[in-house]
Amino acid sequence: GGGEDSDEDEVSAPELVAEGLRLHLSSRSSTGYAAVVKRAHGRFEASHKVDGRRNVYLGTFDTAVDAAVAYARTVGEYQAPATPAVATEAEAGLRLHVSSSSNTGYKCVSKHASGRFQAVHYVGGRRFSLGLFDSAVEAAAAYARHVACE
């Protein structure tokens, strides 16, 4: 609904943790997670490469975070070093706001008609855009930075 998610959790970036697993972030993925893609029907699909070639389907999920958890369970918890933009946010102690009711997996982050991700903030019931970003994680970081300054 109107950006007010009641079931959000705060999770540190970039070692985003869900269900006790460190999730695998990717700056190349529009979802912000390695091996997770959003399909036309609006749900998220996770897959895993076996032997560097064969793609194994892991399932379709309601949120990007749920798909990322399935991937983390399959490949283990190793995560390559974070991208510089995300690592900078972590050094600043930024906390991302995860939401199970958002289709991106983040509070106040949605997919824009342009294909990019928009972060918004609500004040007194009015919606304010915080900008458009290449990944859901970048938009979530912008929202987290904005909320942290309040």
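Residues numbered from 1 in each chain as written. Predicted model: local features only at pLDDT ≥ 70, side-chain atom pairs only at ≥ 80, totals over all residues. Heavy atoms only, no water.

## Focus: the overall build of the protein chain
The helix and strand tally for the protein chain stands at 3 helices and 10 strands. Counting across all 150 residues of the protein chain, residues that qualify as buried make up 42%. Put simply, 49% of the contacts in the protein chain that link residues at least 6 apart link residues at least 24 apart. (Helix = DSSP H or I, 4+ residues; strand = E, 2+ residues; numbered from the N terminus. Buried < 20%, exposed > 50% of the residue type's maximum accessible area, 1.4 Å probe, protein only. Contact = heavy atoms within 4.5 Å.)

## A short note on the pairing of strand E9 (residues 117–123)
Most of E9 is tucked away, with 5 of its 7 residues classed as buried. Summarising the sheet, strand E8 (residues 109–111) and E9 pair through 3 bridges and their orientation is antiparallel. Following the sheet pairing, Ser-110 is matched in E9 by Gln-118. The antiparallel hairpin formed by E8 and E9 contains 5 residues in its connecting segment, where Gly-115 sits at a positive phi of about 95°. Bridge count between E9 and strand E10 (residues 126–133): 7 bridges; the pairing is antiparallel. Counterpart to Tyr-122 in the pairing with E10 is Arg-127. The antiparallel hairpin formed by E9 and E10 contains 2 residues in its connecting segment, where Gly-124 sits at a positive phi of about 55°. (Pairing = 2+ DSSP bridges.)

## Here's the deal with the pattern of salt bridges
Under the definition given, this model contains 3 salt bridges. In this structure, Asp-134 engages Arg-116 in a salt bridge whose closest nitrogen and oxygen atoms are separated by 3.2 Å. One end of the pair, Asp-134, is in the loop between E10 and helix H3 (136–148); the other, Arg-116, is in the loop between E8 and E9, with 18 residues separating them in the sequence. (Salt bridge = Lys/Arg side-chain N within 4 Å of Asp/Glu carboxyl O.)

## Comments concerning the nonpolar core
Counting residues in hydrophobic clusters, the biggest one holds 32 residues, and the most contacted among them are Leu-23, Tyr-33, Val-36, Leu-96, Tyr-106 and Val-109. Elements with a minimum of two residues in this core: strand E5 (44–50), helix H1 (64–75), strand E7 (95–99), E9 and H3. Among the elements that line this core, the one with the most residues is H3, at 8 residues. Ignoring anything within four residues of it in the chain, the contact list for Val-36 reads Ser-29, Thr-31, Phe-44, Glu-45, Ala-64, Ala-67 and Ala-68. (Core = buried A, V, L, I, M, F, W, Y, C linked by side-chain atoms within 4.5 Å.)

It is worth stressing that arrangement in space is one thing and function is another; only the former is reported here.
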